[in-house]
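Structural overview
Residues per chain, in single letters:
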Amino acid sequence: MQKIIKIMNLLIICAVLFTIFYYNKNHKLQKQDIKKSYNHPGAVYFPYSVFNSTKESDLLYETLNGDSINLIYFRDTRPEEYRIEFEKAYYDTDLRHSYNYMSMYSPKSEEIKCADGTQNCLIYFFMRYCAPSRAVMCIINPKTKEIMPVPYGTAEQLIQFLEKHKNW
């Protein structure tokens, strides 16, 4: 009888340990682990949940599923003269052949919605990693599945940054 009790206790301990292990394994999978790019400092990879949750009706869907590198410039972060100066420098270079340039205002809170009802679509991820408070523009590369904020600088510094990353 005592052997049976010891075996039962051992089975209960094993069941508890298995449950704890299984819970920790699943809990880690549910967190969005954001992997940093190994090739481009400052860039991060899109988590699978972003691709899975972003639907055609979501804001920026085309930038996630297109073929070209997208350059999104926030119009409301700097004075209009700054944007005009940057665009003149941008169009005077061959960068227009490397990037799909998009000028947009920062999305308002009512525009930040996912079609599937979650907060996993691209616009949430985009606003988390490329918020206008952190960057003047953002590069989205759908081929490498990465996103990179472009830090503030002069038009010349921005052009140099874009030149450096045009073959990303």
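Okay, so let's go over this structure. A quick note: this is a predicted structure, and the numbers were derived from the prediction, not measured. (Residues numbered from 1 in each chain as written. Predicted model: local features only at pLDDT ≥ 70, side-chain atom pairs only at ≥ 80, totals over all residues. Heavy atoms only, no water.)

Digging into a nonpolar patch on the surface
On the surface, Met1, Ile4, Ile5 and Met8 cluster together to form a nonpolar patch covering roughly 460 Å² of accessible area. Within the secondary structure, methionine 1 is located in the segment before helix H1 (2-30). (Patch = residues over 30% accessible without salt bridge, like charges linked within 9 Å, V, L, I, M, F, W, Y side chains within 5 Å. Areas by Shrake-Rupley, 256 points an atom, 1.4 Å probe, with all protein chains shown as cover. Salt bridge = Lys/Arg side-chain N within 4 Å of Asp/Glu carboxyl O. Helix = DSSP H or I, 4+ residues; strand = E, 2+ residues; numbered from the N terminus.)

Focus: the pairing of strand S4 (residues 137-141)
When you tally the buried positions in S4, you get 5 out of 5 residues, the bulk of the element. Covered by surrounding structure in S4 are Met137, Ile139 and Asn141 together with Cys138 and Ile140, the residues of both alternating faces. By the bridge criterion, 4 bridges tie strand S2 (residues 69-74) to S4 in an arrangement that is antiparallel. Paired with tyrosine 73 across the bridge in S4 is methionine 137. Inspection of the sheet shows S4 paired to strand S5 (residues 146-150) by 5 bridges, in the antiparallel sense. Bridge pairing in S5 places isoleucine 139 opposite methionine 148. Taking the residues between adjacent antiparallel strands as the criterion, S4 and S5 are bridged by 4 residues, where lysine 145 takes a positive phi near 60°. (Buried < 20%, exposed > 50% of the residue type's maximum accessible area, 1.4 Å probe, protein only. Pairing = 2+ DSSP bridges.)

Remarks on the pairing of strand S3 (residues 99-104)
Where S2 lies against S3, 6 bridges are found, and the strand directions are parallel. Residue pairing across strands places asparagine 70 opposite asparagine 100, the latter belonging to S3. Crossover handedness for the path S2 to helix H4 (residues 80-91) to S3: right-handed. (Right-handed = clockwise from strand over helix to strand, strands pointing away.)

Some remarks on unusual backbone geometry
In this model, leucine 60 sits at a positive phi of 75°, which is unusual for a non-glycine residue. The backbone of lysine 145 shows a phi angle near 60°, a positive value even though the residue is not glycine. In this structure, lysine 145 sits in the loop between S4 and S5.

Limitation: the analysis is restricted to geometry and does not speak to function.
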